[in-house]
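Given next are the chains, with one letter for each unit.
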Amino acid sequence: MAVGTMKALAGSIGDINTTDALSMFEALQKVFIVNGSNLKVADFVNTKITVTALTSPPAHGDILTQDQTGGKYAYMVVDFVNTAKTLIYGYAYYAGGATAFTTTHDITSNNATATMDPNPKIAAQITTVTAKPHWYDWTTYPDVILTADGSTKTYGSLPNKAYLGCLYRGRPVLSGDPEHPYQWYMGRQLFPFDFAYMANDAGSPVAGGNADAGEIGDIVRALIPYKDDYLVFGCATTMWYMAGDPAEGGSINELDLTVGIFGGTSWCFDGYGNLYFFGTNGLYKTTIPGNPECISAIRLPKLVADESVDPSTYRITMAYDRIRNGIEICITKLADGTNSNYFYDLQTEGFFPETWADECGVYSSIFYGANDPDYRDLLVGCKDGYIRKFNEALKSDNDSADDAGIGTIAIDSKIGYGPIQMNENPGKEGKLTSIELVTAGGGIDGSESDSDDVTCKIFVGTSAEEVLEKLVAGTTPQFSRVFTAPGRGRGNRSMCKCKAKGAYIAIELSNNTAAQSWAVEQLLVNGIPAGRIK
Amino acid sequence: MAYLTGGAASRTPLLGPEFRSVQPFTRTISTKSGRGGSPVQTIGVDPAAMSALQRAIAYYKEGGGYGKGVEAALRRAETKAVASGTQGLVSAGLAGTTMIGGLGKKFQEEVGMPARARVEETRAQALANLETLKAQIIQGATEADRQRAFQRWQIESQRLRPSMMSVSPRPSLTKAALSERDTSGGSGASFGGAGSSYSDELGSYKSGFSPIAAAAQAEKRRRLA
């Protein structure tokens, strides 16, 4: 897809509440929006015929025919009819040279399933014909009169509100209903307008909860479909998964009864089928089925406590960055965009904390798999309404006032090493004698990207935690020096003598200059034993 | 003496087996027993048999005893099926879903309704068979009755044939009748010929002349008329 102008669907402006939670999913060439009481459909496949109200509409799957004379015919496979029975949506196709439905010829139904009344619908009662796309309310199909026996068939009802939605095995699945927070609702397979439960067939709509027999069930916070095989229900304090279809031999099983999920967007899959989610004690990784493992427990043991987030005021978004082979975890305060983010590198299994400008706080993220590699990237939706992507070519962050592709906000980046014990004997000190820093880029210019200058700070202390506190605070270093990049330069460009003595040291390398980036090839530290700790 | 009596609905079968009435009826043929005859004849169906047939029909009709056990059996089977299905859903973790609510309906659609349909089909077939049997019995009885009546007529005909053959006066009187006719221009009226005092219809007679023959002649004249 090339660069283009984003266009709003007619009738959609003002129809959803962006201050409220919203989820959406794709199904049957439509997009279903789940935004509380705003349940909407963006339809990209059907043609719409507007008529005066029908007494009895055609059923889903019935064929409408319009004889336009001269051998021209227009046909429509009925997909959906609105509640007022004034709008008929369906897939249109033509024969004999016809190119569209008209308002000047009658339309008849084959009454295959339901009896349309009146049949035919005379031309005088056909108002307009509208091509795709369309925007309309997501409701259940109106009652129809069955041709076989004249009985009335009903299609149930949607929940009053829902905030979670997904597609599983061709079924639309809703949850997050404040009136029934433990409940999930599955529509009929491949027919998202039928929610008449207990239909007693393999595609029957099903509603239910996740619990042992007789219990109400846990509050559902996330719907996580995995192919057509499993649907994971992320709940407040437990995790469940459905295997197969509930109306045809499926089952619901426990994934973990001690771990819950943070929210509806706090999960993602990597390229190997592993599910990552932000749970009770941090970042978890699991297979489906499997046993979730907290992978942040060692490196970030107090992740949840340190972030101190509340699902009612924060949003945690996770996405798999296929290009950079890592998981982007974005923790954003909904009110002002204050954010704390982590990039989890799948190769090194390390966490890289990141903080961005408040306006760049992420509310949503998705990997856009465009054919054009220039547009194939992880996209993040930000607080200021812009959609951004990570661009290695820029050395500064993009601000709201910046044009696309331009960055003016300095990136303050750093890495820390330590605490490092300076003497074999923990009761004695050591003395740093020299430091040599080889930055990336080889020689100046050349084929490799040149690093910019790097600031080196050394912190010393008599105990490990003392050094750690100084490192975290970043103030009062024992030694500080800017090493000139790139590569290994002669003289003091890359190496210098320094006098820093202590039982423990920590080293910080950083750069916070706008329009600069840096990388390190080697850090060589030389030291000698010193006397007892003073 | 033999009398021929009958009610308004009776017709003598003496001229042949051409019945004018198809209604079963009772009449007295002879006061004395004749060949193959009996004092009173009644049509066909044994009341005991008909009663049994009616009871069978009543059994299969709505409200009869047929099919009562089926409903009870279905209720019990539904209870067991729903319980078993519930156990299965609990094992599958689907106890908290609408699948449990659909178990009873599923049983009715897959077991209950077909079973009831079979019961009704059997009921209809049985009733049809019984009604057909009843019709056959009645028809058979009717035909048997007619056959018996015909046979009785035949028997009577056979029995009375010698008398019927003496429609003409005995030879000993013929001559006298003829001579009377010849001499008086009459017809041997004194001997039962035309103009005689004897009635053309059934009535009194002089000896030597059979009233049956006279009645036969009267019938013949009526038909010709």
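Residues numbered from 1 in each chain as written. Chains lettered and ligands numbered in written order. Predicted model: local features only at pLDDT ≥ 70, side-chain atom pairs only at ≥ 80, totals over all residues. Heavy atoms only, no water.

Participant: Can you help me understand the overall build of chain A in this one?
Facilitator: In terms of helices and strands, chain A carries 2 helices and 38 strands. What you see for chain A is a C-alpha radius of gyration of 30 Å, clearly larger than the 24 Å of a compact globule of 534 residues, by over 25%. Structurally, chain A occupies a C-alpha span of about 100 × 55 × 35 Å along its principal axes. For chain A, long-range pairs separated by at least 24 residues make up 55% of all intrachain contacts whose partners lie at least 6 apart in sequence. Split by element, the accessible area of chain A, about 25400 Å² in all, is 51% carbon and sulfur. (Helix = DSSP H or I, 4+ residues; strand = E, 2+ residues; numbered from the N terminus. Rg over C-alpha atoms; globule rule 2.2 N^0.38 Å. Contact = heavy atoms within 4.5 Å. Areas by Shrake-Rupley, 256 points an atom, 1.4 Å probe, with all protein chains shown as cover.)

Participant: Mind showing me how you'd approach the interface of chain B and chain A here?
Facilitator: Taken together, the contacts link 15 residues of chain B with 16 residues of chain A. Across the contact surface, chain B and chain A share 0 salt bridges. Across the contact surface, chain B and chain A share 5 residue pairs in polar contact (both at pLDDT 80 or more). Elements represented by at least two residues in the side of chain B that touches chain A include exactly α3 (98-101) and α4 (103-165) of chain B. Counting residues per element, the side of chain B that touches chain A draws most heavily on α4 of chain B, which supplies 4 residues. (Salt bridge = Lys/Arg side-chain N within 4 Å of Asp/Glu carboxyl O. Polar contact = N/O pair within 3.5 Å; in protein donor to acceptor, adjacent residues only side chain to side chain.)

Participant: Even after reading the chapter, I still don't get the sheet that holds strand β14 (residues 171-177) of chain A, so can you show me in this structure?
Facilitator: Two modes of strand pairing occur in sheets, parallel and antiparallel, and in both the strands are linked by backbone hydrogen bonds. Residues and elements named next belong to chain A. An order of β13-β14-β15-β16 is seen for the 4 strands of this open sheet, with the pairing classed as antiparallel. Here the strands that pair on one side only, and so sit at the sheet edges, are β13 (164-168) and β16 (206-208). Put simply, the sheet's adjacent strands are angled 15° from each other on average, direction ignored. As defined by bridge partners, β13 adjoins β14 across 5 bridges and the pair is classed as antiparallel. (Pairing = 2+ DSSP bridges. Axes fitted to C-alpha atoms, helices over the stretch in contact; angles between N-to-C directions.)

Participant: Please clarify how empty space enclosed by the protein should be interpreted in this entry.
Facilitator: Over the atoms rolls a probe the size of a water molecule, and in doing so it shows where empty space is left. In this structure the tally under the stated criterion is 1 cavity of 30 Å³ or more. Taken as a whole, the largest cavity spans an internal volume of roughly 40 Å³. Looking at the lining of the largest cavity residue by residue, the class counts come to 6 nonpolar, no polar and 1 charged. (1 Å grid on protein atoms, 1.4 Å probe; cavity = no way out; pocket = protein on both sides within 12 Å on 5 of 7 lines; lining within 4 Å. Points joined across faces, edges and corners; volume = space filled by probe spheres on them. Nonpolar A, V, L, I, M, F, W, Y, C, P; charged D, E, K, R; others polar.)

Participant: Which parts of the structure should I look at to understand the pairing of strand β17 (residues 220-226) of chain A?
Facilitator: For a regular strand, side-chain orientation follows a simple rule: the groups alternate between the two sheet faces. Residue and element names in this part refer to chain A. Of all 7 residues in β17, 5 are buried, a share of seventy percent or more. Judged from the 6 bridges that link them, β17 and strand β18 (residues 230-235) form a sheet pairing that is antiparallel. Directly across from I224, in β18, lies its bridge partner V232. If you look at the hairpin formed by β17 and β18, you'll find 3 residues sitting between the two strands, and K227 has a positive phi there, around 55°. (Buried < 20%, exposed > 50% of the residue type's maximum accessible area, 1.4 Å probe, protein only.)

Participant: Would you take a moment to explain the nonpolar core for this structure?
Facilitator: Where a protein is soluble and globular, its nonpolar side chains tend to be buried together. The biggest cluster of nonpolar side chains holds 38 residues, and the ones touching the most others in it are W138, Y141 and L174 of chain A. Every element with two or more residues in this core is listed here: β1 (23-27), β2 (30-35), β3 (38-43), β4 (47-51), β6 (73-81) and β7 (87-95) of chain A. Looking at this core, the element that brings in the most residues is β6 of chain A, giving 5 residues. Setting aside residues up to four positions removed in sequence, W138 of chain A forms contacts with F25, F32, V34, L39, K40, V41, L158, P172, L174, P192, F193 and F195 of chain A. Within the second largest apolar cluster, 20 residues are counted, among which are F233, W240 and M242 of chain A together with A92 of chain B. (Core = buried A, V, L, I, M, F, W, Y, C linked by side-chain atoms within 4.5 Å.)

Participant: How should I be thinking about the environment of W518 of chain A in this particular structure?
Facilitator: Residue and element names in this part refer to chain A. As for its position among the elements, W518 is in the loop between β37 (504-511) and β38 (520-532). For the pair W518 and N119, spaced 399 residues apart in the sequence, the C-alpha separation amounts to 74 Å. Leave out the neighbours within four places in its chain, and W518 touches S413, K414, I415, S451, D452, D453, V454, L509, S510 and N511. One polar contact links W518 to S413, side chain to side chain, over a distance of 2.7 Å.

Participant: I tried to follow the sheet that holds strand β27 (residues 339-345) of chain A on my own but got confused; where do I start?
Facilitator: Residue and element names in this part refer to chain A. Spatial ordering of the open sheet is given by β25-β26-β27-β28, a layout of 4 strands whose pairing is antiparallel. In this open sheet, the two edge strands, each paired with only one partner strand, are β25 (314-321) and β28 (350-354). Geometrically, the sheet is characterised by an average inter-axis angle of 15° between neighbouring strands, direction not taken into account. Two strands pair when backbone bridges link them, and β27 and β28 are joined in this way by 5 bridges, in the antiparallel orientation.

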